[in-house]
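Results of the structural survey
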Amino acid sequence: RASRTFHDYPSLSKLALLCTVSGGGLLTFSDARPFHGAYADAIHTNQKKKRVVVLGTGWAGTSFLKNLKDSSYEVQVVSPRNYFAFTPLLPSVTNGTVEARSVVEPIRSIVRKKPFDVQLREAECLKIDAVNKKVYCRSTQDTNLGGEVEFTVDYDYLVIAMGARSNTFNTPGVEENCHFLKEVEDAQRIRRTIIDCFERATLPAISEEERKRILHFVVVGGGPTGVEFAAELHDFVIDDLAKLYPTVKDHVKITLLEAADHILNMFDKRITAFAEEKFQRDGIDLKTGSMVVKVTDKAISTKERATGENRSIPYGMIVWSTGIGTRPVIMDFMKQIGQTNRRVLATDEWLRVEGHDGIYALGDCATINQRKIMEDIMAIFSKADKNQSGTLTLADFNDVIKDICERYPQVEIYLKKKQLKNFVDILKNYQGNDQKEIIDIELFKAALSEVDAQMKSLPATAQVAAQQGAYLANCFNRMEECEKNPEGPLRFRGSGHHRFRPFRYKHLGQFAPLGGEQTAAQLPGDWVSIGQSTQWLWYSVYASKQVSWRTRALVVSDWGRRFIFGRDSSRI
Ligand code: FAD
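This section reports on the structure supplied with the text. Please read all numbers here as calculations on a predicted model, not as lab measurements.

Along the backbone of the chain there are 21 helices and 26 strands. Across the 572 residues in the chain, those meeting the buried criterion constitute 51%. Put simply, 63% of the contacts in the chain that link residues at least 6 apart link residues at least 24 apart. As displayed, the chain has an accessible area near 28000 Å², and 52% of this comes from carbon and sulfur atoms.

Next comes the structure, spelled out in structure tokens:
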């Protein structure tokens, strides 16, 4: 975009360059300026505007930026990537079904038409100082921006959307020897390594045993990402590589290791069974109940849960996909604010970091604190029980439940899922008494623990992150309006209403692509669909969810190219 602007407006571009050379001045062309920490430190912020700092340009951060419309903010974005990546298509990037550049969109393009000033700093946040409302940053090391540049950014509101990192569970050798599939660069590296393995296997001086080792691809983790990658790799081998490397095709083996008893545990049992059968038919060696204990440069060691047997499996490439862990900077911040012994940042139902009014956390790096919600619910009951009798009438009880459902959508979702109208039904289930008109709060507490055990935190998905980003932006857009006319539920600590309604997650379903143009989908209402028609649904949903028309066109044309010409196996 920057180059087109320069081309179209040569005189403006010269002026911009002039400003750059003279160290800034009247015009601000943030795209044309070199980025230096000393300069960034000295940026004059408009003190009348509230300074919003967004950390991260993933699903949550980008959705927040896209939906923020109020011009009364001044926004600074800090992220080591100057683009947004459409992560659900990363498995397709690992084999060239889709090209890397088709799934990314520059953040500067996304925020170009915003009615407020947005400054992007391609840097990583090193530390959050909640006391002085400051974040410490360092320019990204793997770019050519001129080495490390450190600077600080002040904020009035901080939006933490830094996602998570791959979790190795501290398994020895994983960090050094395995590929992860988290970033675009990971997917590109995997693509090159697959081709490398095939090229090496065809070299003349390689023994049969070594050839087998090199062409043994191991995927660790039977979640949606691991399963999709294994399926994509299988398609790549069958559709393209087997034809290009006919002499070694019979040596290729794909193994999927999963510590639990089944793959795709978060899906309906029908999907799990279909996926396991399909993998068996395809010749993918699925080993469940197999825990990885160590990885060396040539072998992966596992311990079988059922037999306790230890195995050493030679491999050519491993892709490690066993879930997510906490980023060090988030861990450090959690320590600072007393949220130790947690995996991610705890927020309230307005996505505010607990106890910190101007700090919000969303996406994979945060979760709404379930335990706190249960404590709050109990406090609501105590408040409703005005004469502290330990009981409520059925009418009062139902009023309280209505309040709770308004305030805590998870409770309502749980009740709906269980097809229970309200907590009274749970109590009836619990105590087997249909007639009770007076509710014993102690009994209710016991029933509540049943609910607590079954109300899960939100999953770490793009869907949740994007909805949270949009929700928070919407709150920011209506900050002043809702200050005057609060729309949230009654405060039970203090008086009046909360400014905003709490965040409400709307589950739109989940896909599991299984290769060979077969996809499984679990849609709202636990509706399950599997097969080729679901694959077409997957194509249309993922095309429609693209962040821009440019990436939409690129992704669709990549799919078309793959149908006509197959995948490209050049190692570039
Ligand atoms: P991310 O999208 O990971 O973004 C984090 C951002 O923070 C990035 O821009 C990163 O560069 C930045 N950052 C990192 N460190 C710092 C730092 N120190 N300072 C500043 N910025 C920092 N979900 C689905 O719902 N459906 C799917 O089909 C699906 N498929 C997936 C496939 C793959 C291969 C992967 C890896 C994930 C998939 N997910 C899917 C999960 C989904 O991608 C995540 O849940 C989602 O990305 C979370 O969004 P986020 O904004 O919290 O984090």
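Next comes the rest of the description.
So, on to the packing of aromatic side chains. How two aromatic rings sit relative to each other is set out by the distance from centre to centre and by the angle between their planes. Under the criterion given, the structure shown has 19 aromatic pairs. Ring centres 5.1 Å apart and planes at 50 degrees place the aromatic pair Phe198 and Tyr245 in the tilted group. Residue Phe198 is found in helix α8 (residues 184-201), and its partner Tyr245 is found in the loop between α10 (224-244) and β12 (253-258); the two are separated by 47 residues along the sequence. Tyr245 carries the same exposure label as Phe198, and that label is buried. The interplanar angle of 70 degrees and the centroid separation of 5.4 Å between the aromatic rings of Tyr360 and Phe476 together place this pair among those described as edge-to-face. With Tyr360 in strand β20 (residues 359-361) and Phe476 in helix α18 (residues 462-477), the pair connects residues that are 116 residues apart, well separated along the chain. Grouping residues by exposure puts Tyr360 and Phe476 together as buried. When the ring centre of Trp549 is taken as origin, the NZ or CZ atom of Arg552, which lies over that ring, is 4.3 Å away. Positioned above the aromatic ring of Phe563, the side-chain terminus of Arg562 is 4.8 Å from the ring centre.

Turning our eyes to something else, we now look at the site of the ligand. Around the ligand there are 31 residues in total, and Ala60, Thr87, Cys125, Asp364 and Tyr542 lie nearest to it. In the environment of the ligand, a nitrogen atom lies 2.8 Å from a nitrogen or oxygen atom belonging to the backbone of Cys125. Mapped onto the shell around the ligand, the elements with two or more residues apiece are α4 (59-67), β2 (73-79), α5 (90-93), β5 (118-129) and α18. Per element, the largest residue contribution to the shell around the ligand is three residues, and it comes from α18. Partitioning the shell around the ligand into residue classes produces 16 nonpolar, 10 polar and five charged.

Here is what the cut-offs are and how they apply
Residues numbered from 1 in each chain as written. Predicted model: local features only at pLDDT ≥ 70, side-chain atom pairs only at ≥ 80, totals over all residues. Heavy atoms only, no water. Helix = DSSP H or I, 4+ residues; strand = E, 2+ residues; numbered from the N terminus. Buried < 20%, exposed > 50% of the residue type's maximum accessible area, 1.4 Å probe, protein only. Contact = heavy atoms within 4.5 Å. Areas by Shrake-Rupley, 256 points an atom, 1.4 Å probe, with all protein chains shown as cover. Phe/Tyr/Trp six-rings, centres within 6.5 Å; stacked < 30°, edge-to-face > 60°. Lys NZ or Arg CZ within 6 Å of the ring centre and 35° of its normal. Near = heavy atom within 4 Å. Polar contact = N/O pair within 3.5 Å; in protein donor to acceptor, adjacent residues only side chain to side chain. Nonpolar A, V, L, I, M, F, W, Y, C, P; charged D, E, K, R; others polar.

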